[in-house]
Amino acid sequence: MRVALFITCVNDTLFPGTGKAVVSLLRRLGCEVDFPAAQTCCGQMHVNTGYREEGVRLARHFTEVFAGYDAVVAPSGSCAAMVREQYPKLVKPGSRGAAAVAAVAPKVYELTEFLLDVLKVEDVGAYFPHRVTYHPTCHSLRGLRLGDRPARLLRNVRGLDLVPLPGAEECCGFGGTFAVKNPAVSSAMGADKVRGVLDTGAEVLCAADNSCLMHIGGMLGRQRTGVRVMHLAEILASTEEVKAS
Amino acid sequence: MSATFLGMPGNFPKNSARAVQNSQLRYNLRKATHTIRGKRASVVGELPDWQELRAAGKAIKDETLRHLDRYLLQLEAAVTAAGGHVHWARDAAEANRIVAGLVKATGEREVVKVKSMATQEIGLNEALAAEGITAYETDLAELIVQLGDDFPSHILVPAIHRNRAEIREIFLDRMADAPPGLTDEPAALAEAARVHLRERFLRSKVAVSGANFMIAETGTLVVLESEGNGRMCLTLPETLISVVGIEKVLPTWRDLEVFLQLLPRSSTGERMNPYTSTWTGSAEGQDFHLVLLDNGRTDVLADEVGRQALRCIRCSACLNVCPVYERAGGHAYGSVYPGPIGAILTPQLRGMGSELDASLPYASSLCGACYDVCPVAIDIPEVLVDLRAKAPHGAAERAGMRVAGWVLNDQARLAAAQRAASRLRGLVPRRLPGPLSAWTDTRDLPDIPEESFRDWWEREG
Amino acid sequence: MSRSAREDILARIRRAVDGAPEVDIPRRYRATAEVGDLVGLFAERVGDYRAIVHVVPEAEVPARIAEIVAGRRMVVPEGLPAGWTPPDTSGAGPADPYTADGVVTGCAVAIAETGTIVLDTGPGQGSRAQTLVPDYHLCVVRADQIVAGVPEAVSRLDPARPLTWISGPSATSDIELNRVEGVHGPRTLEVLIATA
Ligand code: SF4
């Protein structure tokens, strides 16, 4: 199966390890992975901050780049939700690019959706001998409704001890530019999330979105807690032969 | 909106930063919102057809709004036929004038009030005071707020920011007939309020209320409440004046079968609230006046995306699940409508001319919890994002976003920026200056990688 | 003034919704709830509000009322079935609500799922003031007046009459969101369910 990887601008720039993990995971599962080099950003930051024009431009660019693929996989619940849920509202039916949106948006999958719904694998053959907790980020929880998909995948990872996160469904406080526009409330939310993570005694906090992990991880790091944050893809890519770094 | 809230200085980030520091407030809010969250979830979970009720509620409200002119006229005819009087008010000043005139015509100088968002929005108490008329709030929480010279901070539980010890102190300080040995037991506090208000109810000749629903078909008004102060005000006085937003109308009597299930369960987390009163026109011989209030609602109605905010039935479920409200408290929103619904309603009703109002659409992490619980399925995040596009943007931010947009719109520019960042990776300080310090004050920055994903892919992907 | 405000508002509405799509109302919710034991569920749900509940055979209602209200001066609304009228134990004649100890009424309809009693000021139900001012309310609900859910109750009721829906005694949740029974309405609600 030929799939296009939408890496997302944040992962591309700051978290290349996540992209590499997705590539190795998908190849291990028999997919041919394509990376259309013209891709940039889904436009979420612009749209959600009130810069719709720039956002629409990026949305049109996205749909041009990814036209014609059977499936587009993104290691980000937030960006996948942006394309699938927000694009059709952003590029109104009848306006320029609306047909391209209608064609491309439904083919965009968040990684765990792709694994479970398209490839239909629950055990990806991963090995990760650590105590892990999972934070369901808002856009994967309430936007994409990923439900228990991530947990099903994690439970099949050998050696992994999955511990539930108290207050899991509460927002971590990242919220894109919210984190810098309302830093006090954002940090207060983050502090409560950090407390929940520490309560689990987990060594690793994982999620389907690096942007939220950057926020929670930034607080875990500042407080020198020793808890690592990792994208789910990196755990799923990890095997006994090739361990996650 | 409320005269008391109007012109409130500051902006949401500053107001909420102050609130976050107040540990007592945060404790009170957390405890209260989490309590009611759990109650709501359990009674909503009891109904196998909750989503169907929600879909019907949404559609009934949309139908009402689509033909609001027709339904208001039908309502007016039905109320009039039942012996009531209908008045129309374009804005707060007009509504206040009408109410003051009606009160004066009775010769009375005092009114008792049932908790009503609409009368708070128009600053009725202050307007009546200016005309020499005293308005007494009779809802326990409103009484706490009024006695404490305070602002309400929640739609349903206006004194949610106060705990029992604080309430006891307010009663002892400000309520002349508070028993000296008053404890902070909720039952004792409620009893003190009962005694304090009892005689006022029996004496008052004029009452002012709002309404949760008005039925166009029959001219019936509906008020849901808990304490019985509503029943007192709606029943005992000779004259009843109800000030109600034009969006509160429902087409048919039957529609109540939906809303009397949606509202109590979403609001107080009960299967049904203790008391619901319905009356049509001059019930049991009362003199009844209905004041229909616009005050910006027709502007909201004109906005294709924003008009869904008019479906709101003021249940406050969105406040109770909102992580931002929980930390910021209601006062930070500077409006009688706090929380997620306030963040979309206030900027639409008042415009975004003030710094505070322009900051409200950003008072959300867009986590979507509000949309999930809203009994009339208002897509609050969608409206927030839409309002952000209309909000005034600062020059520096605008310039930054334009540059970012330019870089992100082209792979070569993006790659060049990534390589520049990688070259400078060792030089990034732990704490950033200027506006970006908002990040680094509490959070470490991620390490910038040696190479971007796209460069790696090109090399060996 | 008021007249032109009316025209103004209506014109603004018409402009605002011009061209907006028409709406279909899906009513796929339950028109009736599946309840096996209406009396049992109603009794349980009323009890959840901390009201006092008794289930008694119809024939025993007069005796139970007399027993329950013994020694209390009760308001007796017009049209209360003769058997439900408590004997005047005080000898002071019919009580007015402002000085009475309580009121005894029937009801128009009751809802099992929500534990709600609805009064419509019909015969035996008193005026709204009569059932509000006294501190104690004894309400007799006949089993055949109990419906399963809210939709059935709404369809049985007449909107032209003033209605009072009662779900437990007066209560407030204003202090730390804890329910406290008893503020302005009757602090005690006692319900007699009369079975055939
Ligand atoms: S927006 Fe929805 S959840 Fe919030 S108060 Fe209104 S009806 Fe309730």
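This is a predicted model, so every value here is computed, not measured.

Trainee: Explain the overall build of chain A to me, please; I cannot follow it from the model alone.
Mentor: Helix and strand content of chain A: 13 helices and 8 strands. For 245 residues, the compact-globule estimate of 2.2 N^0.38 gives 18 Å, and the C-alpha radius of gyration of chain A, at 17 Å, lies within 12% of that figure. Across its three principal axes, chain A shows a C-alpha extent of roughly 50 × 45 × 30 Å. Within chain A, contacts between residues at least 6 apart in sequence are counted, and of these 79% link residues at least 24 apart. With an accessible surface of roughly 8,600 Å², chain A has 52% of that area assigned to carbon and sulfur atoms. Side-chain charges in chain A split into 27 positive and 24 negative, and the spacing between the mean points of these groups amounts to 4 Å.

Trainee: Mind showing me how you'd approach the overall build of chain B here?
Mentor: Tallying secondary structure elements over chain B gives 23 helices and 10 strands in all. Here chain B has a C-alpha radius of gyration of 25 Å; the compact-globule value for 461 residues is 23 Å, and the two agree. C-alpha atoms of chain B, sized along the principal axes, occupy 85 × 55 × 45 Å. Residue burial in chain B is summarised as follows: out of 461 residues, 65% are buried. The contacts in chain B between residues at least 6 apart in sequence include a share of 74% that link residues at least 24 apart. Total accessible area computed for chain B in this model is approximately 15,500 Å², and 53% of it derives from carbon and sulfur atoms. If the 52 positive side-chain charges of chain B are averaged to one point and the 58 negative ones to another, these points end up 4 Å apart.

Trainee: So what exactly am I meant to see when it comes to the UniProt feature "domain: LUD" (unreviewed entry) in chain B here?
Mentor: UniProt feature "domain: LUD" (unreviewed entry): in the numbering of this structure it lies at residues 74–292 of chain B. For residues 74–292 of chain B, the end-to-end C-alpha separation is 13 Å, with 42% helix and 21% strand making up the annotated structure.

Trainee: What's the story with the interface of chain A and chain B in this structure? I'm lost.
Mentor: The accessible area lost on association of the parts is a frequent measure of interface size. Facing the 62 residues of chain A at the interface are 62 residues of chain B. Roughly 5,300 Å² of surface becomes buried between chain A and chain B when both sides are summed, with 58% attributable to carbon and sulfur atoms. Counting the surface chain A buries against chain B, the share from its top three residues, Tyr51(A), Glu170(A) and Arg222(A), is 13%. Between Asp444(B) and Arg222(A) there is a salt bridge, with its nearest N and O atoms 2.8 Å apart. Counting every contact that joins chain A to chain B gives 31 residue pairs in polar contact (both at pLDDT 80 or more).

Trainee: Would you mind showing me how to read helix α8 (residues 140–147) of chain B here?
Mentor: Since the α-helix turns once every 3.6 residues, residues separated by three or four places project in the same direction. The buried count for α8(B) comes to 7 of 8 residues, which makes it a mostly enclosed element. Buried residues of α8(B): Leu140(B), Ala141(B), Glu142(B), Leu143(B), Ile144(B), Val145(B) and Leu147(B), and no others. At its buried positions, α8(B) is contacted by α6 (117–121), β3 (134–137), α9 (164–174) and α10 (186–203) of chain B together with β9 (171–172) of chain C. Immediately beyond the C-terminal end of α8(B), within one or two residues, lies Asp149(B), with a positive phi of roughly 50°.

Trainee: Please clarify how the sheet that holds strand β7 (residues 204–207) of chain A should be interpreted in this entry.
Mentor: Each strand in a sheet pairs with another by means of backbone hydrogen bonds, the pair being arranged parallel or else antiparallel. Residues and elements named next belong to chain A. The 4 strands are arranged β6-β5-β7-β8 in an open sheet whose pairing can be described as parallel. The open sheet terminates on both sides in strands that have one partner only, identified here as β6 (161–163) and β8 (228–231). Averaged over all adjacent pairs, the angle separating strand axes in this sheet is 35°, with direction ignored. Inspection of the sheet shows β7 paired to β8 by 4 bridges, in the parallel sense. The residue bridging valine 204 from the neighbouring strand is arginine 228, located in β8.

Trainee: So what exactly am I meant to see when it comes to the sheet that holds strand β10 (residues 287–293) of chain B here?
Mentor: Residues and elements named next belong to chain B. With parallel pairing, the 6 strands of this open sheet are ordered in space as β1-β10-β7-β4-β2-β3. The open sheet is flanked by β1 (85–89) and β3, the only strands paired with a single partner. If you compare each strand with its neighbour and ignore which way they point, the axes differ by 25° on average. The sheet contact formed by strand β2 (residues 110–113) and β3 spans 4 bridges and is parallel. Within the sheet, the bridge partner assigned to valine 111 lies in β3 and is alanine 135. Sitting on the sheet, helix α5 (residues 92–106) is in contact with β1, β2, β4 (206–209), β7 (239–245) and β10, with an inclination near 145° to β1.

Trainee: For this particular structure, what's the right way to read the interface of chain B and chain C?
Mentor: Across the contact, 95 residues belong to chain B and 72 residues belong to chain C. Roughly 7,200 Å² is buried in total at the junction of chain B and chain C, and carbon and sulfur atoms are behind 57% of that figure. If you look at where chain B meets chain C, you find 12 salt bridges. The salt bridge involving Arg66(B) is made with Glu22(C); its shortest N-O contact spans 3.5 Å. The interface formed by chain B and chain C includes 36 residue pairs in polar contact (both at pLDDT 80 or more). The dominant element in the side of chain B that touches chain C, judged by the number of residues it contributes, is α10(B), at 11 residues. In terms of residue class, the side of chain B that touches chain C is made up of 44 nonpolar, 21 polar and 30 charged. Alignment of strand β9 (residues 275–280) of chain B against strand β8 (residues 163–166) of chain C, held across 4 bridges, turns out to be antiparallel. Paired with Thr278(B) across the strands is Leu163(C), a residue of β8(C).

Trainee: Just checking my understanding: could you explain the UniProt feature "domain: Lactate utilization protein B C-terminal" (unreviewed entry) in chain B for this structure?
Mentor: UniProt marks residues 390–461 of chain B with the feature "domain: Lactate utilization protein B C-terminal" (unreviewed entry), using the numbering shown here. End C-alpha atoms of residues 390–461 of chain B are separated by 42 Å, and the span's content is 56% helix alongside 0% strand.

Trainee: Would you mind going over the arrangement of the chains with me for this structure?
Mentor: Here 2 pairs of chains are in contact, and chains B and C lead that list by number of contacts. At the level of C-alpha atoms, the two units chain A and chain C stay apart, their nearest approach being 15 Å.

Trainee: In this structure, what is going on with the side chain of Asn163(B)? I would like to understand it.
Mentor: Looking at where Asn163(B) falls in the secondary structure, it is placed in the loop between α8 and α9. By relative accessible area, Asn163(B) is classed as buried at 11%. When near neighbours in sequence (up to four residues on either side) are disregarded, Asn163(B) contacts Gln24(B), Asn28(B) and Glu176(C).

Trainee: Quick question: what am I supposed to make of the pattern of salt bridges here?
Mentor: Any two side chains of opposite charge can pair, so long as their charged atoms come close to each other. This model, assessed by the stated rule, comprises 65 salt bridges over all chains. A salt bridge links Asp148(A) to Arg152(A), with the shortest nitrogen-to-oxygen separation between them at 3.4 Å. Between Asp8(C) and Arg90(B) there is a salt bridge, and its shortest N-O distance comes to 2.9 Å. Remark: Arg90(B) occurs in the loop between β1 and α5 and Asp8(C) occurs in helix α1 (residues 2–17); the pair is interchain, linking two chains. Shared partners join several salt bridges into a network, and the residues in it are Glu170(A), Asp192(A), Arg195(A), Arg26(B), Arg30(B), Arg37(B), Glu326(B) and Arg327(B).

Trainee: I keep staring at the packing of aromatic side chains and nothing clicks. Help me out?
Mentor: Two measures describe an aromatic ring pair: the distance that separates the ring centres and the angle between the ring planes. All names here are of chain B. According to the stated counting rule, one finds 15 aromatic pairs over all chains in the structure shown. Plain terms: the ring middles of tryptophan 279 and phenylalanine 288 are 5.8 Å apart, the flat faces sit at 90° to each other, and that makes the pair edge-to-face. Exposure remark for tryptophan 279: the relative accessible area of 0% places this residue in the buried category. The class of phenylalanine 288 is buried, set by a relative accessible area of 0%.

Trainee: Where do I start with the site of the ligand in this structure?
Mentor: Every residue close to the ligand is listed here: Cys312(B), Ile313(B), Arg314(B), Cys315(B), Ser316(B), Cys318(B), Ile341(B), Cys374(B), Pro375(B), Val376(B), Ile378(B) and Ile380(B). Residue classes in the shell around the ligand are distributed as 10 nonpolar, 1 polar and 1 charged.

Trainee: Explain the domain arrangement of chain A to me, please; I cannot follow it from the model alone.
Mentor: All names here are of chain A. Domains assigned within chain A are domain 1 (2–118) and domain 2 (131–237). Here the C-alpha centroids of domain 1 and domain 2 sit 22 Å apart. Taken together, the contacts link 28 residues of domain 1 with 21 residues of domain 2. Interface area for domain 1 against domain 2, summed over the two sides, is near 1,900 Å², with a carbon-plus-sulfur share of 66%. Three residues, Thr18, Thr112 and Leu116, lead the burial of domain 1 against domain 2; their summed loss comes to 24% of the area buried on that side. At the boundary of domain 1 and domain 2, one finds 1 salt bridge. Viewed at the interface, domain 2 and domain 1 are joined by 13 residue pairs in polar contact (both at pLDDT 80 or more). By residue number, the principal contributor to the side of domain 1 that touches domain 2 is helix α2 (residues 16–28), which donates 7 residues.

Calculation rules
- Residues numbered from 1 in each chain as written.
- Chains lettered and ligands numbered in written order.
- Predicted model: local features only at pLDDT ≥ 70, side-chain atom pairs only at ≥ 80, totals over all residues.
- Heavy atoms only, no water.
- Helix = DSSP H or I, 4+ residues; strand = E, 2+ residues; numbered from the N terminus.
- Rg over C-alpha atoms; globule rule 2.2 N^0.38 Å.
- Contact = heavy atoms within 4.5 Å.
- Areas by Shrake-Rupley, 256 points an atom, 1.4 Å probe, with all protein chains shown as cover.
- Lys, Arg positive; Asp, Glu negative; His and termini not counted.
- Charge placed at Lys NZ, Arg CZ, Asp CG, Glu CD.
- Buried < 20%, exposed > 50% of the residue type's maximum accessible area, 1.4 Å probe, protein only.
- UniProt positions renumbered as here; feature names shortened; annotations may be inferred.
- Buried area = accessible area lost by both parts, 1.4 Å probe.
- Salt bridge = Lys/Arg side-chain N within 4 Å of Asp/Glu carboxyl O.
- Polar contact = N/O pair within 3.5 Å; in protein donor to acceptor, adjacent residues only side chain to side chain.
- Pairing = 2+ DSSP bridges.
- Axes fitted to C-alpha atoms, helices over the stretch in contact; angles between N-to-C directions.
- Nonpolar A, V, L, I, M, F, W, Y, C, P; charged D, E, K, R; others polar.
- Phe/Tyr/Trp six-rings, centres within 6.5 Å; stacked < 30°, edge-to-face > 60°.
- Near = heavy atom within 4 Å.
- Domains from an automatic or database assignment.

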